[in-house]
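# What the coordinates show
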Amino acid sequence: QVQLVESGGGLAQPGGSLKLTCAASGFTFSNYAMNWGRQVPGKAFEWVSGIEDDGSDTYYADSVKGRFTISRDNAKNTVSLQMSSLKPEDTARYYCGKGPGTSRSTLLEITNWGQGTQVTVSS
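Conventions and cut-offs
- Residues numbered from 1 in each chain as written.
- Predicted model: local features only at pLDDT ≥ 70, side-chain atom pairs only at ≥ 80, totals over all residues.
- Heavy atoms only, no water.
- Helix = DSSP H or I, 4+ residues; strand = E, 2+ residues; numbered from the N terminus.
- Rg over C-alpha atoms; globule rule 2.2 N^0.38 Å.
- Buried < 20%, exposed > 50% of the residue type's maximum accessible area, 1.4 Å probe, protein only.
- Contact = heavy atoms within 4.5 Å.
- Areas by Shrake-Rupley, 256 points an atom, 1.4 Å probe, with all protein chains shown as cover.
- Pairing = 2+ DSSP bridges.
- Phe/Tyr/Trp six-rings, centres within 6.5 Å; stacked < 30°, edge-to-face > 60°.
- Lys NZ or Arg CZ within 6 Å of the ring centre and 35° of its normal.
- Salt bridge = Lys/Arg side-chain N within 4 Å of Asp/Glu carboxyl O.
- Disulfide = S-S within 2.5 Å.

## Re the overall build of the protein chain
In terms of regular secondary structure, the protein chain is built from 0 helices and 11 strands. In sequence order, the secondary structure elements of the protein chain are arranged as β-β-β-β-β-β-β-β-β-β-β. A globule of 123 residues ought to have a C-alpha radius of gyration of about 14 Å, and the protein chain, at 13 Å, matches this closely. Projected onto its principal axes, the C-alpha coordinates of the protein chain cover approximately 40 × 30 × 25 Å. A buried classification covers 42% of the 123 residues belonging to the protein chain. Put simply, of all contacts in the protein chain between residues at least 6 apart along the chain, 57% involve residues at least 24 apart. Surface exposure of the protein chain reaches about 6200 Å², of which carbon and sulfur atoms provide 46%.

Next comes the structure, spelled out in structure tokens:
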């Protein structure tokens, strides 16, 4: 069964950096696009970033564009999110999600998400 395990969350100062990593198993990782999403308690889930199966194209929400970088290592079955220039509004629980196919999809089409890792940006 699909398993997605996020790690790397923690506390960072505004302007700081943090790198999240998602370890995937239970499916042929290299055949699927991967995504990152985030959620603040009581608020709507927000799609953050996506990457195609071979890493050829990447996509970002406007809120993180220019500050976050998504990457993947198909040999290790991992996808990462390098976050820089962090802002307090980036505080959320971050989740790794498996896409339904090789290319980008709508948020509702991403049905497999991990348990998440907490990111807190504060002074």
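## Structural notes on the pairing of strand S4 (residues 34-39)
Counted residue by residue, S4 has 5 buried out of 6 residues, so it is predominantly covered. Taken together, the 5 bridges between S4 and strand S5 (residues 46-51) define a ladder with antiparallel strand orientation. Residue Trp36 lies in a different strand from S5, and its bridge partner there is Ser49. The hairpin turn running from S4 into S5, its antiparallel successor, is 6 residues long, and Gly42 in that turn takes a positive phi close to 85 degrees. Inspection of the sheet shows S4 paired to strand S9 (residues 92-98) by 6 bridges, in the antiparallel sense. Looking across to S9, one finds that Gln39 is bridged to Arg93.

## Here we look at the packing of aromatic side chains
With the rule as written, the count across this model stands at 4 aromatic pairs. Seen in terms of ring centroids, Phe27 and Tyr32 are 5.7 Å apart; in terms of plane orientation they differ by 80 degrees. Their pairing is edge-to-face. Judged by its relative accessible area of 15%, Phe27 is buried. Three or more aromatic residues joined by ring pairs make a cluster, and in this case those are Phe27, Phe29 and Tyr32. The ring of Phe29 is capped by Arg72, whose NZ or CZ atom sits 4.3 Å from the centre of that ring. Geometry around Phe27 places Lys98 over its ring, the cationic atom sitting 5.6 Å from the centre.

## A closer look at the pattern of salt bridges
Tallying each qualifying case throughout the model produces 4 salt bridges. For Arg38, the salt bridge identified is with Asp90, shortest N-O distance 3.0 Å. Residue Arg38 is found in strand S4, and its partner Asp90 is found in the loop between strand S8 (78-83) and S9; the two are separated by 52 residues along the sequence. Asp90 shares its class with Arg38; the two are buried.

## Some thoughts on the state of the cysteines
Counted by the stated rule, this structure contains 1 disulfide. Paired by a disulfide, Cys22 and Cys96 hold their sulfur atoms 2.2 Å apart. Between Cys22 and Cys96 the sulfur-sulfur dihedral comes to about -75 degrees; the bridge is accordingly left-handed. Of this pair, Cys22 sits in strand S3 (residues 18-25) while Cys96 sits in strand S9; the two residues are 74 residues apart in sequence, bridging distant segments of the chain. Accessibility classification places Cys22 together with Cys96 in one group, the buried group.

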